[in-house]
Amino acid sequence: KTGLRIEERQLESADSMLAAIALALPVATQVLRLRHMADLLPGALWSTVLTAAQFAVLKHKFPKQRLGAKSTVDDVKLAVALLGGFLKSNKTPGRQVLYGGWERLEILAEGYAIARG
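Bear in mind that the values here come from a model prediction, so they are computed numbers and not experimental data.

A.B. asks: In this structure, what is going on with the packing of aromatic side chains? I would like to understand it.
C.D. replies: Each aromatic ring pair is characterised by the separation of its centres together with the angle its planes make. Applying the stated rule across the entire model yields 1 aromatic pair. With a centroid separation of 3.9 Å and an interplanar angle of 10°, the aromatic rings of W46 and F55 are classed as stacked. Across the pair, F55 and W46 agree in class, each one buried.

A.B. asks: Honestly, helix α3 (residues 73-83) in this entry has me stumped. Any pointers?
C.D. replies: Residues that lie three or four places apart on an α-helix share one face, since the helix turns once every 3.6 residues. The element α3 is largely enclosed, with a buried count of 8 among its 11 residues. Following α3 by one or two positions, G85 adopts a phi angle in the positive range, close to 100°.

A.B. asks: Is there a simple way to think about the nonpolar core in this case?
C.D. replies: Nonpolar side chains in soluble globular proteins tend to end up buried together. Core analysis: the biggest nonpolar cluster contains 30 residues, and L34, L50, L58, V76, V80, W102 and L105 have the highest contact counts within it. Secondary-structure elements contributing two or more residues to this core are α1 (14-40), α2 (52-61), α3 and α4 (95-116). Those residues in contact with V80, other than ones at most four positions away along the chain, are L34, L58, V97, L98, G101, W102 and L105.

A.B. asks: Even after reading the chapter, I still don't get the side chain of T72, so can you show me in this structure?
C.D. replies: Along the polypeptide, T72 turns up in the loop between α2 and α3. At 3.4 Å, the side chain of T72 forms a polar contact with the backbone oxygen of P42. Setting aside chain neighbours within four positions, we find T72 in contact with P42, G43, A44, L45 and W46.

A.B. asks: Even after reading the chapter, I still don't get the environment of E110, so can you show me in this structure?
C.D. replies: If you trace the backbone, E110 turns up in helix α4. Placed 57 residues apart in sequence, E110 and A53 show a C-alpha to C-alpha distance of 7.9 Å.

A.B. asks: What is the right way to look at the side chain of Q54 in this model?
C.D. replies: Assignment of secondary structure puts Q54 in helix α2. With residues near it in sequence (within four places) discarded, Q54 still touches V49, W102, L105, E106 and A109.

A.B. asks: Could you clarify how one ought to interpret the environment of L34 in this entry?
C.D. replies: By the secondary structure assignment, L34 is in helix α1. Not counting chain neighbours up to four residues away, the residues in contact with L34 comprise V49, V73, V76, K77, V80, L98 and W102.

A.B. asks: Would you explain the packing of α3 against α4 in this entry?
C.D. replies: A packed helix pair is summarised by two numbers, namely the angle formed by the two axes and the spacing between the axes. Where α3 meets α4, the axes come as close as 7 Å, and the angle between the chain directions of the two elements is 90°. The orientation of α3 relative to α4 falls into the category roughly perpendicular. Judged by residue contacts, K77, V80, A81 and L83 of α3 engage V97, L98, G101, W102, R104, L105 and L108 from α4. In terms of residue class, the contact of α3 with α4 is built from 8 nonpolar, 1 polar and 2 charged.

Scoring rules and cut-offs
Residues numbered from 1 in each chain as written. Predicted model: local features only at pLDDT ≥ 70, side-chain atom pairs only at ≥ 80, totals over all residues. Heavy atoms only, no water. Phe/Tyr/Trp six-rings, centres within 6.5 Å; stacked < 30°, edge-to-face > 60°. Buried < 20%, exposed > 50% of the residue type's maximum accessible area, 1.4 Å probe, protein only. Helix = DSSP H or I, 4+ residues; strand = E, 2+ residues; numbered from the N terminus. Core = buried A, V, L, I, M, F, W, Y, C linked by side-chain atoms within 4.5 Å. Contact = heavy atoms within 4.5 Å. Polar contact = N/O pair within 3.5 Å; in protein donor to acceptor, adjacent residues only side chain to side chain. Axes fitted to C-alpha atoms, helices over the stretch in contact; angles between N-to-C directions. Parallel < 35°, antiparallel > 145°, perpendicular 65-115°, else oblique. Nonpolar A, V, L, I, M, F, W, Y, C, P; charged D, E, K, R; others polar.

These results come straight from atomic positions and should not be treated as a statement about function.
Below, the structure written as structure tokens:
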């Protein structure tokens, strides 16, 4: 409920609330998958959690992170968190930061894919 920001949308009917949840669910699922993979297999390659377009966007947005072919799920989690406003001075990124980062990543990756034709 918090990560999806359903209450902020101030929806009045159950139907509109269900529609909002249905639209937010894919992002929430990907964030949970990213967190799970980072906990379970932090050293797995980036391609287990991202598309090539998403990875290209993160590489471009965060050149100091030095993302490359051997980048891991843990590296991706940090980059997505940074995209969501995570400050490195905090210990670990939370769900809301990851959700915001993933939401933004999907928008940027779609633009990247459109620009590439």
